[in-house]
Amino acid sequence: MNPDRRPLIAANWKMHKTLSEAVAFVESIQKETGPLADREVVIAPAFTALHALREILRQKGYSLAAQNCHWEEKGAFTGEVSPAMLKDLGCAYVIVGHSERRQLFGETDETVRLKTTAVIKAGMDPIVCVGEVLAERERGQTFEVVRRQLEGALRGFSPAQMAGVVVAYEPVWAIGTGKTATPAQAQEVHACIRAALAALFDKTIENKIRILYGGSVKPSNIDALLSEQDIDGALVGGASLEVGSFKSLVQFTI
Ligand code: PGA
């Protein structure tokens, strides 16, 4: 972590929690944690819970995020949700290009770019996910893959458009597997991402953009991960679903 960047802990609930479960979770987190002014906490529930969580999260000072969106403003796209609809619900962030979307729903660098553009245009900040699969890591292609995904998603934006973008490095082999990248493994990819941002934009953007690590983050490893210079927070799936572990995550200390 670098004191110039505000750390961010984001819960990605994926397809978990009904409306009442989501509300109960946030209410009990609210009771159990004190003020956390030096860090940002973001919750990305299913679309169905966004509206109900808006006000409760606002009172707590937490931010609301969606897990996905379409890139068009409106139209005949049955089952899709537009960035404007999410902005209207109070979302500050939208997760874009999560590896589950890429692997299970055919998202490509190009659709990730379209969604990233649409999210920025609608006045929200995208959390753009990148990361290699195990075979790519074993072939020594991690940096190449991550650079390609990053350029595919972000090339052509102005520094002003980039100001609020968040990048999440999520090695696919670490997601939901219990196998976390070691802090050193994560740090070297985060440094590569920061260098790629410098090449695509400039020094201000390189130093400003927050890069989160995701992939089996839990209370026992968050402090070590966030101690690394270029790791500015975490995008957490499994361990964000229980009040006890989520509370420990947001209370990380380094
Ligand atoms: P995990 O998921 O923490 O369960 O590995 C992370 C993610 O998919 O964002």
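Heads up: the structure comes first, above all this text.
Our subject in this report is the structure included herewith. (Residues numbered from 1 in each chain as written. Predicted model: local features only at pLDDT ≥ 70, side-chain atom pairs only at ≥ 80, totals over all residues. Heavy atoms only, no water.)

### Describing the site of the ligand
Point 1. Taken together, 13 residues are adjacent to the ligand, and Lys14, His98, Glu170, Gly176 and Ser216 come closest.
Point 2. One nitrogen or oxygen atom from the side chain of His98 is found 2.7 Å from an oxygen atom belonging to the ligand.
Point 3. At a separation of 2.7 Å, an oxygen atom of the ligand approaches a polar backbone atom of Ser216.
Point 4. Compared with its free state, where it exposes 290 Å², the ligand has 95% of that area covered by protein.
Point 5. Class assignment for the residues of the shell around the ligand results in 4 nonpolar, 7 polar and 2 charged. (Near = heavy atom within 4 Å. Polar contact = N/O pair within 3.5 Å; in protein donor to acceptor, adjacent residues only side chain to side chain. Areas by Shrake-Rupley, 256 points an atom, 1.4 Å probe, with all protein chains shown as cover. Nonpolar A, V, L, I, M, F, W, Y, C, P; charged D, E, K, R; others polar.)

### Some thoughts on the packing of aromatic side chains
Point 1. Inspection of every chain in the model, using the stated rule, returns 3 aromatic pairs.
Point 2. When the ring of Trp13 is compared with that of Phe25, the centres are 4.9 Å apart and the planes differ by 80°; the resulting orientation is edge-to-face. Pair noted here: Trp13 is in the loop between strand 1 (8-12) and helix 1 (19-32) and Phe25 is in helix 1, with a separation of 12 residues, a long-range link. We note that Trp13, like Phe25, is buried.
Point 3. Ring centres of Phe25 and Phe246 lie 5.8 Å apart, and the angle between their planes is 50°; this geometry places the pair in the tilted category. Residue Phe25 is located in helix 1, and its partner Phe246 is located in helix 12 (residues 243-250); the two are separated by 221 residues in the primary sequence. The residues Phe25 and Phe246 share a single accessibility class, namely buried.
Point 4. By the ring-pair criterion, three or more aromatic residues cluster together here, those being Trp13, Phe25 and Phe246.
Point 5. Lying across the ring of Trp13, Lys17 places its NZ or CZ 5.3 Å from the centre.
Point 6. Over the ring of Phe252 we find Arg39, and its NZ or CZ is 4.0 Å from the ring centre. (Phe/Tyr/Trp six-rings, centres within 6.5 Å; stacked < 30°, edge-to-face > 60°. Helix = DSSP H or I, 4+ residues; strand = E, 2+ residues; numbered from the N terminus. Buried < 20%, exposed > 50% of the residue type's maximum accessible area, 1.4 Å probe, protein only. Lys NZ or Arg CZ within 6 Å of the ring centre and 35° of its normal.)

### Concerning the sheet that holds strand 8 (residues 233-236)
Point 1. Ordered by their spatial adjacency, 8 strands build a closed barrel running 1-2-3-4-5-6-7-8, and the pairing between neighbours is parallel. Ignoring which end each strand starts from, the neighbouring axes of this sheet average 25° apart.
Point 2. Alignment of strand 1 against strand 8, held across 4 bridges, turns out to be parallel. Note on strand 8: the bridge partner recorded for Ile9 is Ala234. (Pairing = 2+ DSSP bridges. Axes fitted to C-alpha atoms, helices over the stretch in contact; angles between N-to-C directions.)

### Quick notes on the pairing of strand 4 (residues 93-96)
A regular strand places its side chains on the two faces of the sheet in alternate fashion.
Point 1. Of the two faces of strand 4, both are covered, the one formed by Tyr93 and Ile95 as well as the one formed by Val94 and Val96.
Point 2. As paired elements, strand 3 (residues 63-66) and strand 4 share 2 bridges and run parallel to each other. Counterpart to Ala66 in the pairing with strand 4 is Val94.
Point 3. In this fold, the crossover linking strand 3 to strand 4 by way of helix 3 (residues 83-88) has right-handed handedness.
Point 4. As judged from the 4 bridges shared by strand 4 and strand 5 (residues 125-130), these two strands associate in the parallel manner. Residue Val96 lies in a different strand from strand 5, and its bridge partner there is Val128. (Right-handed = clockwise from strand over helix to strand, strands pointing away.)

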